[in-house]
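# Coordinate analysis (summary)
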Amino acid sequence: MKIMLLTAATGGGHLRAAAAVEQYIRENTSYEVKTVDTLKAIGKFLDKTVCDSYLFMAKKTPTLFGRLYKQTNKENLFSGLVPKLSGLFSNLLLRTIGEYDPDVVITTHPFAAEMVSDLKEDGLVEAPLICVITDYGVHRAYICDCVDAYVVASDDMVPELTAFGVPKEKIYPFGIPVHGVFFDHVDQDEMLRQLDLDPALPTLLFMAGSFGVSNIIKLYRELEATDVPMQIIVITGRNEKLYEAFEKEIGQGSRIPTKLVYFTDEVEKYMHAADLLVTKPGGLTVSEALACNLPMAVFDAIPGQEEDNANFLKTHDMCVRLGKGGDFAQEISALLRERQRLQEMRKNCQEFDKSQSIPNMLALIQELLAKAPRREEEP
């Protein structure tokens, strides 16, 4: 069997979800699998325009981004924008799909889902189409006529999708796919020792790469001013300015033991070591933390999908939300003092078990193929 994964780089979450599925398939099955960046396959100009526009709006004009997100999620002139644009480009994707000739197509991005749906509607693609929604809320952009199955983050999303007209039998709340290492059972104390940290101290993890330098340094100083014992891990990603700012801050002396990490492809180790994660609520970061049973303090959510993700976590008591006007240090300190409260949040994360998301998806593929018309062999 040949599986094609279609994704796009408007935010890293779509790519990480596809990568998790591909790795599982390669390591656990004999199936062929190929991942394609949809926008890059169509052309460099479209890829750069769409990705750069998304990043600029999300970082520089988040309020405007939120308004557009909400407008395009309503039944109005804006709501037809994505299908119209995708329809214009879908034929440019056909060659890429045709050359691989997959038995099934899995998309982790709404543009890709819309394009393949358009091709299926025109009879140019026959393979079953599975659409993976990589956030904890539904946006109209994902809704396509010829999607055979939706894989979603949670049961909460079933009524949201049916409200958009998706038949309930097409919706599978398997969970957002993440790499298996996040589900590993790890001894927290031993992991802390491996990272040269103290198992006796509460551990706070900052996933700080997308935060502004001045904002996160300010929050760090506020924590330093408290008297609550703690240790902090700061992962800056490839944000060099932030890394250098923290290096300088720590070098000036700090009462809080701090481990500073630049880019790492072993995020799971730090999540398994932590008691609380401070992060922006991106869909994949949230899913990876939940897989590690790690409660969160979500901060600076972009209006739109990150707002949906934060609301989901808060509803199920798996996070606290830190408002810009609130007392950040006081809220974090209170959580670190209240170990029972943190344990309750961790238990809620543990009960939200989506460890079988990818195996369930592979079983779903078999079901869809069994129902699909048999493909005629080439002479």
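Right above here is the structure, for reference.
This section reports on the structure supplied with the text. Source: prediction; values computed, not measured.

### Notes on the packing of helix α1 (residues 12–28) against helix α16 (residues 357–371)
In contact at an axis separation of 10 Å, α1 and α16 are set at 75° when each is read in the N-to-C sense. The angle between α1 and α16 places the two elements in the roughly perpendicular class. Across the interface between the two elements, Ala20, Val21, Tyr24 and Ile25 of α1 pack against Ile358, Pro359, Met361 and Leu362 of α16. Its residues assigned to classes, the contact of α1 with α16 comprises eight nonpolar, no polar and no charged.

### Description of the packing of aromatic side chains
Within this structure, the stated rule accounts for eight aromatic pairs. Consider the rings of Phe206 and Phe328, whose centres lie 6.3 Å apart with planes at 45°: the pair is tilted. Taken together, the positions of Phe206 in strand β7 (residues 203–207) and Phe328 in helix α14 (residues 328–337) put the pair 122 residues apart, joining distant regions of the chain. Phe328 matches Phe206 in its accessibility class, with the two residues each being buried. Feature note: the residues Tyr136, Phe312 and Phe352 constitute an aromatic cluster, connected by ring pairs. Seen from the ring of Tyr100, Lys2 lies directly overhead, with NZ or CZ sitting 4.7 Å from the centre. Seen from the ring of Phe263, Arg238 lies directly overhead, with NZ or CZ sitting 3.7 Å from the centre.

### Some details on the pattern of salt bridges
Across all of its chains, the model carries 14 salt bridges by this definition. Between Arg193 and Glu190 there is a salt bridge; the shortest N-O distance is 3.6 Å. Here the residue Arg193 and the residue Glu190 both occupy positions in helix α8 (residues 188–194), the gap between them amounting to three residues, near one helical turn. For Arg193, a relative accessible area of 46% puts it in the partly exposed group. Note on Glu190: relative accessible area 36%, which makes it partly exposed.

### Looking at the packing of α1 against helix α12 (residues 283–291)
Running from amino to carboxyl end, α1 crosses α12 at an angle of 50°, the nearest separation of the two axes being 8 Å. When the axis of α1 is compared with that of α12, the two are oblique. Contacts from Gly13, Arg16 and Ala17 of α1 reach α12 at Leu284, Thr285 and Glu288. Class assignment of the residues belonging to the contact of α1 with α12 gives a composition of two nonpolar, two polar and two charged.

Rules used throughout
- Residues numbered from 1 in each chain as written.
- Predicted model: local features only at pLDDT ≥ 70, side-chain atom pairs only at ≥ 80, totals over all residues.
- Heavy atoms only, no water.
- Axes fitted to C-alpha atoms, helices over the stretch in contact; angles between N-to-C directions.
- Helix = DSSP H or I, 4+ residues; strand = E, 2+ residues; numbered from the N terminus.
- Parallel < 35°, antiparallel > 145°, perpendicular 65-115°, else oblique.
- Contact = heavy atoms within 4.5 Å.
- Nonpolar A, V, L, I, M, F, W, Y, C, P; charged D, E, K, R; others polar.
- Phe/Tyr/Trp six-rings, centres within 6.5 Å; stacked < 30°, edge-to-face > 60°.
- Buried < 20%, exposed > 50% of the residue type's maximum accessible area, 1.4 Å probe, protein only.
- Lys NZ or Arg CZ within 6 Å of the ring centre and 35° of its normal.
- Salt bridge = Lys/Arg side-chain N within 4 Å of Asp/Glu carboxyl O.

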